[in-house]
Amino acid sequence: LVVACFAVLLNLLAFSRTSMSAPKVHYVTVRTGPNIAVVKYWGKRDAGPLNLACNASISLTMDNTDICAQTTVATSASFQEDRLWLNGTEEKVADSKRISGVLAQVRQRCKDPAVAAQHIHIVSRNSFPTAAGLASSAAGFAALTVAVAKLLGVQDSYPGELTTIARMGSGSACRSLSGGLVKWHLGEKDDGTDSIATQEAPESHWPIDMTILVANAAKKHTSSTSGMQNSIKTSALMAHRVKFCVDDRIERLTKAFLERDFNTFGQITMQDSNQFHAICLDSFPPIFYMNDVSKQVCRLVAAINEVAGEIIAAYTFDAGPNAVVFSEPKNTPRVRALFKHFLSLPASGSEGEVSADEIAAVAKAFGFEPLAPGQVQKTYLTQVGSGPLVLDHTSGEGDKRLTSLLDPETGLPAEEFSLQLPEPAAE
């Protein structure tokens, strides 16, 4: 018995020494929603590390409890190199100038050299298709910027500084650092410090629903970066848009949002989307992001509005074939019921009742038979949402609903993990 007790004591002492000597893992999790521009950013005046746009833009942030990028980052003295796992696959950090650049920018601002010198492990997942024109890079780089900044104790030294770092990863990412209606300012300075994103109205100001119709979840043929470069070089329409259209649209759309004027908001949103894709077609060789299903969605929304006698639904398409359709909550059940009928969608439980007469009137205005099942591959239902959710697992500060994607014992991706979206916080 004495020998057995002595053996147990030795094991406890050995475990204690190991625990005391093991480098501590400090880790943070952030969840961000993508944003959808209602007046688009297209083209860069600096395609280098600053990633500066040719024009200002404005967007709505999606609710991160419905659709999101979630990222856990960790530091430890035991880590041998920066590592990244994206959607379950390890990728080399050194192969991505944008990721390396964001890490370098945050490290430069860290006031503790010892912390800044530690390597970082990054585990990130999206709850929606990547590189399909649904702003996955915007959500991902926003989450990465906020998480690494929190991890290294970096805060804004001037208003909007962190948005400039996110912008260096992906231009639109700067707009996902706030909720509601967010403007990315063009700025004038060569160093880009005034090209920041600011919240123009909080998500609580005007509830707007979003119905996302995925016409093709595959990676798009032409990346946004190469498409922008092509348009700048070859599209005469692009210069016209930047000079005469963008600033006026942003001003009028912001006013419409603040006044909750959906008719004006919807018209500007659809016109700007149409013009953006006209620029893509005007580029040489032409760029085709929308497909036949995308065009049918445009026609259907136009038919719904015609029958309603006002704009109750408004589409927009980023650089991809997938539609985001806005509607006010009072009209969303009606719009989604018509989508279910004409796009052959499975029931979501959010549809309302529409009469046979209204279906017949929309069918006449639409001018086409309902789409075959499966042509719209998937739908997401969401609304305007808040900025990033943050949890510092080490201190326990932040949103307790978040779950780490990383095993704090190993610093590696958690073996058993699925992206569980948290329930909205109780009001």
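Residues numbered from 1 in each chain as written. Predicted model: local features only at pLDDT ≥ 70, side-chain atom pairs only at ≥ 80, totals over all residues. Heavy atoms only, no water.

> Please explain the confidence of the model for the chain as it appears in this structure.
Segments scoring low in pLDDT should not have their predicted coordinates read at a detailed level. Mean pLDDT for the chain: 91, with 90% of residues reaching 70 or above. In the model, residues 12–20 has pLDDT below 50 throughout and makes zero contacts with residues more than four positions away in sequence or in other chains. Low pLDDT, under 50, characterises residues 423–427; the predicted model gives this stretch four contacts beyond four residues in sequence or across chains. (pLDDT = per-residue confidence, 0-100. Contact = heavy atoms within 4.5 Å.)

> What should I look at first to understand the sheet that holds strand 15 (residues 378–383) in this one?
Paired through their backbone hydrogen bonds, the strands of a sheet run either parallel or antiparallel. Pairing is antiparallel in the open sheet, where four strands are placed in the order 13-14-12-15. At either margin of the open sheet sits one strand with a lone partner, and together these are strand 13 (314–317) and strand 15. Adjacent strand axes in the sheet meet at a mean angle of 20° when their direction is disregarded. Bridging between strand 12 (residues 209–214) and strand 15 involves six bridges; their strand directions are antiparallel. Bridging from a neighbouring strand, Thr211 pairs with Leu381 of strand 15. Here helix 8 (residues 262–282) sits on the sheet and contacts strand 13 and strand 14 (323–327); the angle it forms with strand 13, its principal contact strand, is near 30°. (Pairing = 2+ DSSP bridges. Helix = DSSP H or I, 4+ residues; strand = E, 2+ residues; numbered from the N terminus. Axes fitted to C-alpha atoms, helices over the stretch in contact; angles between N-to-C directions.)

> It is not clear to me how the state of the cysteines should be interpreted in this structure. Could you clarify?
Cysteine pairs can be covalently joined through their sulfur atoms, and such a bond is termed a disulfide. If you walk through the whole model with that rule in mind, you get zero disulfides. Between Cys174, a free cysteine, and Cys54, which holds the nearest cysteine sulfur, the sulfur-to-sulfur gap is 14 Å. The buried category is assigned to Cys174, whose relative accessible area is 1%. As a non-bridged cysteine, Cys280 has Cys298 as the owner of its nearest cysteine sulfur, 13 Å distant. Overall, the relative accessible area of 0% leaves Cys280 in the buried class. (Disulfide = S-S within 2.5 Å. Buried < 20%, exposed > 50% of the residue type's maximum accessible area, 1.4 Å probe, protein only.)

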